[in-house]
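A closer look at the structure
The residues making up each chain are set out below.
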Amino acid sequence: QVQLVESGGGLVQAGDSLRLSCAASGRTYSRYVIAWFRQAPGKEREFVAAISWSGGITYYADSVKGRFTISRVNAKNTVYLQMNGLKPEDTAVYYCAASSYFSDNEYQSGAMYPYWGQGTQVTVSS
């Protein structure tokens with residue numbers, strides 16, 4: 001089992017940057033996948049980015065590609081989401097999630113991830 005804690009959210013203006021952190025504890029496997037999802041009020045949960053603990057392979061939603069960067073420091077069991085050029089439409093609660101396996105057909109679905117953090121609020125004003 002894995003425990004996840006997000007931090008780094010806040011209130012910023014359009015065009016600003018934020019870095020979110022996801023600290024993981026418990027058993028960590030070399031092929032664990034860590035992902036970021038977000039959910040805006042009245043909207044469905046949306047995939048943002050994912051990273052493998054082995055190989056540094058990353059995946060991004062089209063809506064954030066080129067603006068957001070996911071990275072990890074395995075020695076600290078920490079995954080980061082660097083968010084640049086924030087837009088009001090990025091406003092949401094951001095969650096990190098973990099899976100013990102990776103699937104090309106499932107990595108964008110929350111159903112692949114059994115472990116979730118509590119979420120951190122990101123608000124971008126116009």
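Look above for the structure.
Residues numbered from 1 in each chain as written. Predicted model: local features only at pLDDT ≥ 70, side-chain atom pairs only at ≥ 80, totals over all residues. Heavy atoms only, no water.

**Some remarks on the packing of aromatic side chains**
Inclusion rule: Each pair of aromatic rings taken from Phe, Tyr and Trp, with Trp reduced to its six-membered ring, is defined by centres within 6.5 Å and is described as stacked if the planes are under 30 degrees apart, edge-to-face if over 60, and tilted in the remaining cases. In this text, helices come from DSSP runs of H or I with a minimum length of four residues, and strands from runs of E with a minimum of two, each type numbered from the N-terminal end. Burial classes follow relative accessibility: with a 1.4 Å probe on protein chains only, a residue under 20% of its type's maximum area counts as buried, one over 50% as exposed, and anything between as partly exposed. The criterion is that NZ of a Lys, or CZ of an Arg, lies within 6 Å of the ring centre and within 35 degrees of the ring normal, and then a charge sits over that ring.
Enumeration according to the criterion identifies 9 aromatic pairs in this entry. Between the aromatic rings of Phe 47 and Tyr 107, the centroid separation amounts to 5.4 Å while the plane-to-plane angle is 80°, which identifies the pairing as edge-to-face. Remark: Tyr 107 occurs in the loop between strand 9 (92–99) and strand 10 (115–116) and Phe 47 occurs in strand 5 (residues 46–52); sequence separation between them is 60 residues. Each of the two residues, Phe 47 as well as Tyr 107, counts as buried. Geometrically, the ring pair formed by Phe 102 and Tyr 107 is stacked, given 5.5 Å between the ring centres and 25° between the ring planes. The class of Phe 102 is partly exposed, set by a relative accessible area of 32%. Members of the aromatic cluster, each reached through a chain of ring pairs, are Phe 37, Phe 47, Tyr 59, Tyr 95, Phe 102, Tyr 107, Tyr 113 and Trp 116. Sitting over the ring of Phe 37, Arg 45 keeps its end group 5.9 Å from the ring centre.

**A short note on the state of the cysteines**
Selection criterion: For this text, the term disulfide refers to a pair of cysteine sulfurs within 2.5 Å.
Under the defined criterion, the tally for this structure stands at 1 disulfide. Sulfur-sulfur distance for the disulfide between Cys 22 and Cys 96 comes to 2.2 Å. Across the S-S bond linking Cys 22 and Cys 96, the dihedral sits near 70°, which makes this disulfide right-handed. Placement of the pair is Cys 22 in strand 3 (residues 18–26) and Cys 96 in strand 9, with a sequence separation of 74 residues. Here the two residues Cys 22 and Cys 96 agree in accessibility, since each one is buried.

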